[in-house]
Each structure stands twice: as C-alpha cells, then as structure tokens.
Amino acid sequence: MQRAEFGRIANQLKIKIDATLDAMHATILEREKQKALELEALDVTLPGNRRRIGHRHPLTIVRKEIEDIFVSMGYSVEDGPEVENTYYNFEALNFPPGHPARDPRDTFYVGESVILRTHTSPVQVRTMEKTRPPVRIICPGRVFRRDAFDPTHSPMFHQVECLVVDEGITFADLKGTLERFHKEFFGEKTKTRLRPSFFPFVEPGAEVDVSCVFCDGAGCRICKGTGWIEVMGSGMVHPNLYGFVNYDADKLTGFAFGGGIERYAMLKYNINDLQLFFQNDMRFLEQF
Ligand code: DAH
C-alpha cells in the first residue's frame, strides 16, 4: 500500500516536471523567434544609404557640349599628339623661323625639334595631310605653355580647334558658324563680333568676341564696361598652308578658329579662377 501510493505520487511528479519543461521550452523558442524578428525588422520609413557616384569634370562637360554642337553641324572630332614636332606646331603653320613663340622661355622643349604643343592648330596640318577636301573638323585637346599658375594662366590648359576647307568657303561662313555656335552654347541672345588681328596661319585673321554673358552687353565689371568678351582667334586659312599639304591653293579656301575650353567653362559657370579646374577640390567639383 505504501509502495503503490509512492509510485502514484512519483508518476504525478514526473508528469508535472515534463509539462513544466515543455512550457519552458516553448517560452524559450518564442523568445528566440521574437528576437530574430526584431533583428531582421526592416523599417521602410528609414532613409536609404546614399551611394556616392562619380561625375564628370566641368571641363569634360564643356568639351562634350562643344563637340555635340559641332557634330550636329556635320563636323567630325579629330585628335592629335600632345608631344609635337616644331614642324607641325610652327613651320607648316607659316610661323617664320625667329618667331617669339618658339622661344624656350615660352615653349616646353622635349628635344631639338620636339615640343609639347603650344596650341591645337597643328592638328589642322595633320588633318589636311591625311585627308582630301572637303574638311570639316574640330579638335579639342591639351596644350602647354611655360606660364606660371595664376587666376588666368596655367602651364597646361585645353583648346578646341576648328578647320573647314572646301571650294567656295568665305569669311561669311566663318562668321555664321561662330554665331551659330555661340548661340547654341551661351543662348540665343548671344552676339558674336570679329575684330581684325594677326596670326601667321590665317589671312585675314580676326579676334572673336561674344557679347558679355554676365550683362548681356550692357557693360559690367567682368567685360570692363565694353559689353564684349574675347574668346577665340580665327581667320581664313593662309594659302601658304595648302602648299605644305599638297592642296590646290587656287581652288580651295577655308576658315579656322581656336580658343580655350577653360575660358568657355569660366564664362558658362561664372568661375573666376582657372586654377580651380586643376586643384581637385571636391567642394568645387561636386557642384557640377
Ligand atoms: N592657335 C591660336 C592660339 O593658340 C588660336 C587661333 C588663332 C587658332 C587663329 C586658329 C586661328 O585656328 O585661325 O593662340
């Protein structure tokens, strides 16, 4: 009797312990599940992680814009070497032997007759050498001069060159092309003006001004009250150049112009210091 009683109680106890263990197990499992849910919770109202993507340098933006305008007018984009022979940089562009631009104080010499090109104009000669007219090209690229850095100078900067050669090309074509380009680039109200000037590889030559983009030509501090800003050199291709590339100087005429890409970027974005383009300061670059 005592023994049967003990067995019954022991059995009841076992059932109770089992039930308690099961309950505890269930509680722990539930707690674990809650914890996992909390950890994996996704708050769709939180701001996302901003991914920083790169973007184009302002000079690249402006170069591409210039290229697009000329490509839409039927021009092709040419390239030329930055390390250039004095023949292409000077001789074949009709520079006389003692011209001051050849001075080693202005030009980086790599060898006796090898230099860093001082302008993009040598690409005019290289293009005519390898193609027959009609020629209709632009050439953007780096150029080098022995200038110290200041707000308007840099030993390396960028130019864009243009050359058109065909039968019957006139000074009016030059003026019309420059006018169209400046209206596309700066806006329809922009005016273009040509002033007589001299460059060895054109005749006649002309300096190119645009109506001041800051005051629309009214006269302000930036255009020094004149209403005009100088942007390029230009002219009708000098007949002597055709002699260097076996073009028929009696049949063909052409125009050329060239100017600094930094200058166009400075005018477009109202930047007053050329050095900003080359300092890689993110606070500047991120604005474009
Ligand atoms: N190459 C000249 C310079 O660097 C600019 C220039 C003037 C280019 C007249 C031309 C031109 O094509 O016709 O100062």
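Here, the structure is the one placed above.
Treat the numbers as computed from the prediction; the structure is a model and nothing was measured. (Residues numbered from 1 in each chain as written. Predicted model: local features only at pLDDT ≥ 70, side-chain atom pairs only at ≥ 80, totals over all residues. Heavy atoms only, no water.)

Draft legend 1. How the structure looks around the overall build of the chain. A tally of regular secondary structure across the chain gives 8 helices and 10 strands. Rg of the C-alpha trace for the chain: 36 Å, well past the compact-globule value of 19 Å for 288 residues, more than 25% over. Buried residues in the chain amount to 38% of all 288 residues. Put simply, 67% of the contacts in the chain that link residues at least 6 apart link residues at least 24 apart. In the structure as shown, the chain presents an accessible area of about 17,300 Å², 54% of it carried by carbon and sulfur atoms. (Helix = DSSP H or I, 4+ residues; strand = E, 2+ residues; numbered from the N terminus. Rg over C-alpha atoms; globule rule 2.2 N^0.38 Å. Buried < 20%, exposed > 50% of the residue type's maximum accessible area, 1.4 Å probe, protein only. Contact = heavy atoms within 4.5 Å. Areas by Shrake-Rupley, 256 points an atom, 1.4 Å probe, with all protein chains shown as cover.)

Draft legend 2. Just the site of the ligand, in detail. Of all residues adjacent to the ligand, which total 15 residues, the nearest are His 119, Ser 121, Arg 145, Gln 159 and Glu 161. A distance of 2.6 Å separates an oxygen atom of the ligand from a polar side-chain atom of Glu 161. Residue Ala 256 places a main-chain N or O atom 3.2 Å away from an oxygen atom belonging to the ligand. Computed on the free molecule, the ligand has an accessible area of 360 Å², of which 89% lies beneath the protein chains in the complex. Within the residue set of the shell around the ligand, elements represented by two or more residues are strand 6 (156-166), strand 9 (228-237) and strand 10 (253-260). In terms of residue class, the shell around the ligand is made up of 5 nonpolar, 8 polar and 2 charged. (Near = heavy atom within 4 Å. Polar contact = N/O pair within 3.5 Å; in protein donor to acceptor, adjacent residues only side chain to side chain. Nonpolar A, V, L, I, M, F, W, Y, C, P; charged D, E, K, R; others polar.)

Draft legend 3. Here's a closer look at the nonpolar core. Within the largest apolar cluster, 39 residues are counted, with the highest numbers of intra-cluster contacts made by Phe 181, Phe 185, Met 232, Phe 255, Phe 257 and Tyr 264. Elements supplying a minimum of two residues to this core: helix 2 (58-72), strand 6, helix 5 (171-186), strand 8 (202-211), strand 9, strand 10, helix 7 (261-269) and helix 8 (282-285). Residues contacting Phe 257, with those up to four places away along its chain left out, are Phe 70, Val 160, Glu 161, Cys 162, Leu 174, Thr 177, Leu 178, Met 232, Gly 233 and Ser 234. Of all hydrophobic cores here, the second largest spans 21 residues; its members include Leu 93, Val 165, Val 237 and Leu 252. (Core = buried A, V, L, I, M, F, W, Y, C linked by side-chain atoms within 4.5 Å.)

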